Amino acid sequence: MTSSHKQKKQDLPPTAWAVLGLLSFPGARTGYELKKWADSSLRFFYWSPAISQIYAELRRLEQLGYAASERSGPEEARAKRRYAITPDGREALAGWAADTAEAGPPVLKHGLLLRIWLGHLSDPDRLRAMVAEHQERTRAELAAVREAMAHAAEVPEWAFPALALRWSERQHLAELELAEALLADLDALEERPGPDPGSHPGPEVEVPGQGGGDAPTPG
């Protein structure tokens, strides 16, 4: 790979590599088809870019020579542009995929836990309801993951995406276990003597671990 290609590689955001990764499997696809595949695969363990992001990255990848496109002919009632990875794109993607230094640590942004963290401003019953709603959503996502797994199992070229989906299945099952443990923790907290967990401590009340205004964790 030339030095100019290395520089281009470093400048690409993760979304570009994700789109190029979708193109690395056999066949040419439209931007709409790439979005559908991202929604039924990538989103279960990473995220799914918006359709506008996909088209923006496709244009960028074409300019770099990492992807090429062809417009459909008159045999199709509605003209479509399909994209495919180029040899240079496959080489660059293989280099990026092998670079573990760029993977970085996993990032967790758990909206439910942020609200649990602020539980002193909420009602205990409402917190339990939030956890129950989260469990319902997780079960629905788990069903979608398993549907995607069954679909991937039918295509030999999707063996590695199937492994990622299997990891996602385990992650959703673990999330359900964590939610059950969280419900037990909420019950134990309510049974513990002391201030009502749904009430906000006044200025005279010292919050455990926050003496003198320090954070509840050492630092």
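Residues numbered from 1 in each chain as written. Predicted model: local features only at pLDDT ≥ 70, side-chain atom pairs only at ≥ 80, totals over all residues. Heavy atoms only, no water.

In this section: the pattern of salt bridges. The full count for this structure, using the stated rule, is eight salt bridges. Of the charged contacts, one joins Glu 190 and Arg 128 as a salt bridge, the two residues approaching to 2.1 Å between their closest N and O atoms. Here Glu 190 is found in helix α8 (residues 159-191), whereas its partner Arg 128 is found in helix α7 (residues 124-152), with 62 residues between them in sequence. Taking the relative accessible area as the measure of exposure, Glu 190 reaches 40% and is therefore partly exposed. When its relative accessible area of 19% is taken as the criterion, Arg 128 is described as buried. For Glu 169, the salt bridge is made with Arg 146, and the minimal N-O distance between the two is 2.8 Å. Placement of Glu 169 in helix α8 and of Arg 146 in helix α7 is noted, with a sequence separation of 23 residues between them. (Salt bridge = Lys/Arg side-chain N within 4 Å of Asp/Glu carboxyl O. Helix = DSSP H or I, 4+ residues; strand = E, 2+ residues; numbered from the N terminus. Buried < 20%, exposed > 50% of the residue type's maximum accessible area, 1.4 Å probe, protein only.)

Below, the discussion takes up helix α3 (residues 31-39). Those residues of α3 lying buried are Gly 31, Leu 34, Lys 35, Trp 37 and Ala 38. Buried residues in α3, looked at end-on, bunch into an arc of 165°, giving them a common side. Packing partners of the buried residues in α3 comprise α2 (14-23), α4 (51-64) and β2 (81-85). (Arc of directions from axis to C-beta. Contact = heavy atoms within 4.5 Å.)

Time to look at the side chain of Glu 169. Judged by its relative accessible area of 16%, Glu 169 is buried. Of the polar contacts made by the side chain of Glu 169, one reaches the side chain of Arg 146; its length is 2.8 Å. Discounting chain neighbours no more than four positions away, the residues touching Glu 169 are Leu 142, Val 145, Arg 146 and Met 149. (Polar contact = N/O pair within 3.5 Å; in protein donor to acceptor, adjacent residues only side chain to side chain.)

Time to look at the packing of α2 against α4. Two elements in contact, α2 and α4, have axes whose closest approach is 9 Å; the angle formed by their N-to-C orientations is 80°. In terms of axis orientation, α2 runs roughly perpendicular to α4. Listed contacts from α4 to Thr 15, Ala 16, Val 19, Leu 20 and Leu 23 of α2 are Gln 53, Ile 54, Glu 57, Leu 58, Arg 60 and Leu 61. Looking at side-chain class alone, the contact of α2 with α4 contains seven nonpolar, two polar and two charged residues. (Axes fitted to C-alpha atoms, helices over the stretch in contact; angles between N-to-C directions. Parallel < 35°, antiparallel > 145°, perpendicular 65-115°, else oblique. Nonpolar A, V, L, I, M, F, W, Y, C, P; charged D, E, K, R; others polar.)

The next point concerns a nonpolar patch on the surface. On the surface, a nonpolar cluster with roughly 460 Å² of combined accessible area is contributed by Leu 114, Trp 117, Leu 118 and Leu 121. With respect to the helices and strands, the residue Leu 114 is situated in helix α6 (residues 111-117). Owing to a relative accessible area of 48%, Leu 114 belongs among the partly exposed residues under this scheme. (Patch = residues over 30% accessible without salt bridge, like charges linked within 9 Å, V, L, I, M, F, W, Y side chains within 5 Å. Areas by Shrake-Rupley, 256 points an atom, 1.4 Å probe, with all protein chains shown as cover.)

Formed by 31 residues in total, the largest nonpolar core has its most connected members in Leu 20, Leu 23 and Tyr 66. Tallying contributions element by element places α2 first for this core, with seven residues. Not counting residues up to four positions away in its chain, the partners in contact with Leu 20 are Leu 61, Tyr 66, Ile 85, Gly 89 and Leu 93. Membership of the second largest hydrophobic core comes to nine residues, among which are Leu 112, Leu 127, Ala 179 and Leu 182. (Core = buried A, V, L, I, M, F, W, Y, C linked by side-chain atoms within 4.5 Å.)

By themselves, these are just geometric observations and shouldn't be taken as functional.
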